[in-house]
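Overview (structure and organization)
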Amino acid sequence: MAQQTNPMSKDLKSLFSTLAEIPEDIRIQSPLHQKQILVDGALLEWTGDFHEVYSPILISNEETGATEQLLIGSYPIATTKETQEALDAAVRAYDGGRGAWPAMHINERIQHLTRFVTEMKAQRQHIVKLIVWEISKTVADAEKEFDRTIDYINETVRSAKQLSNQTNAFQVTQGFIGQTKRVPHGVVLCMGPFNYPLNETFTTLIPALIMGNTILFKPPKHGTLLFEPLLEAFSSCFPKGVVNTVYGRGRDIVPMLMESGKIDVLALIGSSRVADALKKMHPKSNRLKSVLGLDAKNAAIILPDADLTHTVREVIAGALSFNGQRCTALKVLFVHHEIVAHFNQMLVEALKHIGIGLPWQKGIMITPLAEPEKPAYLKSCIDDALAKGAEVFNAADGGGTIYKSFVHPTVLYPVNSAMKIYHEEQFGPVIPIVPFTALSEPVEYIMNSPYGQQVSIFSQDTEAVSLLIDTLANQIGRINLNSQCQRSPDTFPFNGRKDSADGTLSVDEALIAFSVDSVVVTKQTPENEQLIKSILETGGSRRLTNEVSF
């Protein structure tokens with residue numbers, strides 16, 4: 001029988017279960033073969049090629065003990081023909097801002113979104129199960145992702161109402177009367193990441209929708225099937241052409257969309273390399289608005305006076321939650337040379353007690369990795385570091401061990417600038433530790449890094465922390481004091497500097513990102529005042545209004 005949890009085991013193969021050992025409520029009873037795509041409000045039957053989806057969670061054969069891949073479903077590999085149809089539908093639905101959706105008052109758009117949320121909630125169990133099997137996220141974290149997404153939508157609705165009411169007021173200044181409202185950009189291409197496929201995708205899709213844009217939505221490569229239960233809701237809750245799905249190989253279909261020049265906003269959470277390439281494809285770069293969440297190599301700076309018990313706890317959560325597959329994960333630790341030996345000892349001891357296993361087991365932090373190529377990449381990072389002077393500091397407890405999609409948490413020390421793990425975003429459960437003597441060392445690292453998302457500082461030294469805050473504030477988007485890097489709460493700005501982001505994604509600021517100011521202004525004369533009053537009283541304009549949102 002497979003071990004339920006074995007935090008110190010080097011035999012990662014033994015952690016996989018047989019089908020019979022998987023709880024029935026989480027078991028995939030039969031593969032989900034998606035046979036429809038959503039274009040122009042219709043669910044179209046797909047008869048072309050399909051991409052088969054295999055879970056990163058391997059199944060142990062009861063007779064032979066060998067581990068086997070499990071087919072959990074398939075989805076359409078659409079072509080440029082269907083992509084063009086989706087693009088045309090989104091362009092028609094927007095119609096230069098004259099379409100029903102962009103011209104609709106925000107109160108009505110909220111009603112559509114509210115119906116969608118109701119239908120989405122009914123699919124909670126199905127979507128959670130698909131998140132678990134597609135990307136190997138724990139059941140608890142998959143449930144948290146779903147619930148947090150619902151909360152995000154509700155908060156976005158609240159914020160949109162507040163924004164709408166704030167812009168009802170007329171400004172009278174220097175002999176002019178004017179009203180400024182937010183209006184949509186146009187057609188938005190939404191592309192989300194695999195690690196938070198539902199939540200991160202919806203943090204762009206939902207504010208873009210509520211502000212009146214029309215959507216082309218391409219699910220991530222890993223985490224595609226989980227959107228199948230929502231296709232009917234998208235179709236029934238929004239006018240035709242407002243939400244359209246784009247399936248297929250990104251390299252085949254996304255360039256066509258960008259080269260058309262008809263994409264007004266690129267909303268991408270992914271790599272800076274991909275973002276750079278896509279933006280260059282657009283023939284009208286000055287008209288393209290980008291909302292991007294990109295790479296990060298977030299550092300922790302641990303000073304001599306840090307509370308190491310607390311720091312180790314935060315570092316483990318920050319570096320290893322969901323296997324370290326988060327843009328906000330701690331990806332390199334700078335530890336002062338006076339305490340680094342003690343810190344390493346405490347970290348390795350604490351790692352003995354973290355749960356390594358399968359997503360439905362209790363107390364699990366480390367699960368199989370979703371990206372098939374990731375274990376080989378992480379091995380190359382480990383081997384490179386070992387060749388250049390580092391050690392696997394927790395090798396006696398399984399560090400450095402890899403079996404197919406399982407990678408045991410690995411502590412590398414001492415890490416230096418000659419190693420690729422020092423520079424590259426590993427996006428996996430490998431913790432590089434760099435000893436330092438002077439504060440200038442981690443500061444120079446962050447200042448010279450192409451990335452600038454977040455940093456964590458662990459210390460109670462007022463002078464040192466103040467210096468770091470003032471030095472790094474113009475380099476990164478968020479400074480965390482005595483806590484791990486993270487996105488929450490969603491009401492705080494979520495952004496980055498340099499190659500880590502373009503735009504800010506918090507509940508309030510995402511609405512701003514997916515809209516633009518529209519000003520109606522006139523000279524303050526009795527005749528013009530009467531004109532405005534008449535328009536408001538008759539409701540003759542959908543743009544010039546003072547209707548309150550409740």
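Before reading further, recall that the structure is shown in the block above.
Below: a short report on this structure. (Residues numbered from 1 in each chain as written. Predicted model: local features only at pLDDT ≥ 70, side-chain atom pairs only at ≥ 80, totals over all residues. Heavy atoms only, no water.)

Points about the pairing of strand 3 (residues 42-45)
In regular strands, side chains alternate between the two faces of the sheet. Where strand 2 (residues 36-39) meets strand 3, 4 bridges bridge the pair, whose relative direction is antiparallel. Of the residues in strand 3, the one forming a bridge with Val 39 is Ala 42. (Pairing = 2+ DSSP bridges. Helix = DSSP H or I, 4+ residues; strand = E, 2+ residues; numbered from the N terminus.)

Observations concerning a nonpolar patch on the surface
On the surface, Phe 176, Val 519 and Val 521 cluster together into a nonpolar patch covering about 270 Å² of accessible area. With respect to the element layout, Val 521 can be found in strand 29 (residues 515-523). (Patch = residues over 30% accessible without salt bridge, like charges linked within 9 Å, V, L, I, M, F, W, Y side chains within 5 Å. Areas by Shrake-Rupley, 256 points an atom, 1.4 Å probe, with all protein chains shown as cover. Salt bridge = Lys/Arg side-chain N within 4 Å of Asp/Glu carboxyl O.)

Remarks on the sheet that holds strand 9 (residues 176-184)
In spatial order, the strands read 8-9-29; together these 3 strands make up an open sheet with antiparallel pairing. Only two strands of the sheet have a single partner each, and these edge strands are strand 8 (171-173) and strand 29. The mean inter-strand angle of the sheet, taken between neighbouring strand axes irrespective of direction, is 30 degrees. Sheet topology note: the strand 9/strand 29 ladder contains 9 bridges and is antiparallel. Residue pairing across strands places Pro 184 opposite Ser 515, the latter belonging to strand 29. (Axes fitted to C-alpha atoms, helices over the stretch in contact; angles between N-to-C directions.)

Examining the environment of Glu 85
In this fold, Glu 85 is placed in helix 1 (residues 80-94). Its relative accessible area of 31% is what places Glu 85 among the partly exposed residues. Once the C-alpha coordinates of Glu 85 and Asn 244 are considered, the two residues, 159 residues apart in sequence, prove to be 9.4 Å apart. (Buried < 20%, exposed > 50% of the residue type's maximum accessible area, 1.4 Å probe, protein only.)

Overview of the packing of aromatic side chains
Across all of its chains, the model carries 18 aromatic pairs by this definition. With a centroid separation of 6.3 Å and an interplanar angle of 35 degrees, the aromatic rings of Phe 202 and Phe 227 are classed as tilted. With Phe 202 in helix 6 (residues 199-210) and Phe 227 in the loop between strand 11 (214-218) and helix 7 (231-237), this residue pair connects regions lying 25 residues apart in the sequence. Taking the relative accessible area as the measure of exposure, Phe 202 reaches 0% and is therefore buried. Assessed through its relative accessible area of 0%, Phe 227 is described here as buried. Between the aromatic rings of Phe 334 and Tyr 422, the centroid separation amounts to 6.4 Å while the plane-to-plane angle is 70 degrees, which identifies the pairing as edge-to-face. Separated by 88 residues along the polypeptide, Phe 334 in strand 16 (residues 330-336) and Tyr 422 in helix 13 (residues 420-423) bring together distant segments of the chain. The burial state of Phe 334 is the same as that of Tyr 422; both residues are buried. By the ring-pair criterion, three or more aromatic residues cluster together here, those being Trp 101, Phe 116, Phe 202, Phe 217, Phe 227, Phe 234 and Phe 238. Lying across the ring of Tyr 196, Lys 137 places its NZ or CZ 3.7 Å from the centre. Against the face of Phe 322 rests Lys 137, its NZ or CZ located 4.7 Å from the ring centre. (Phe/Tyr/Trp six-rings, centres within 6.5 Å; stacked < 30°, edge-to-face > 60°. Lys NZ or Arg CZ within 6 Å of the ring centre and 35° of its normal.)

Such coordinate-based values are descriptive only and should not be taken to indicate function.
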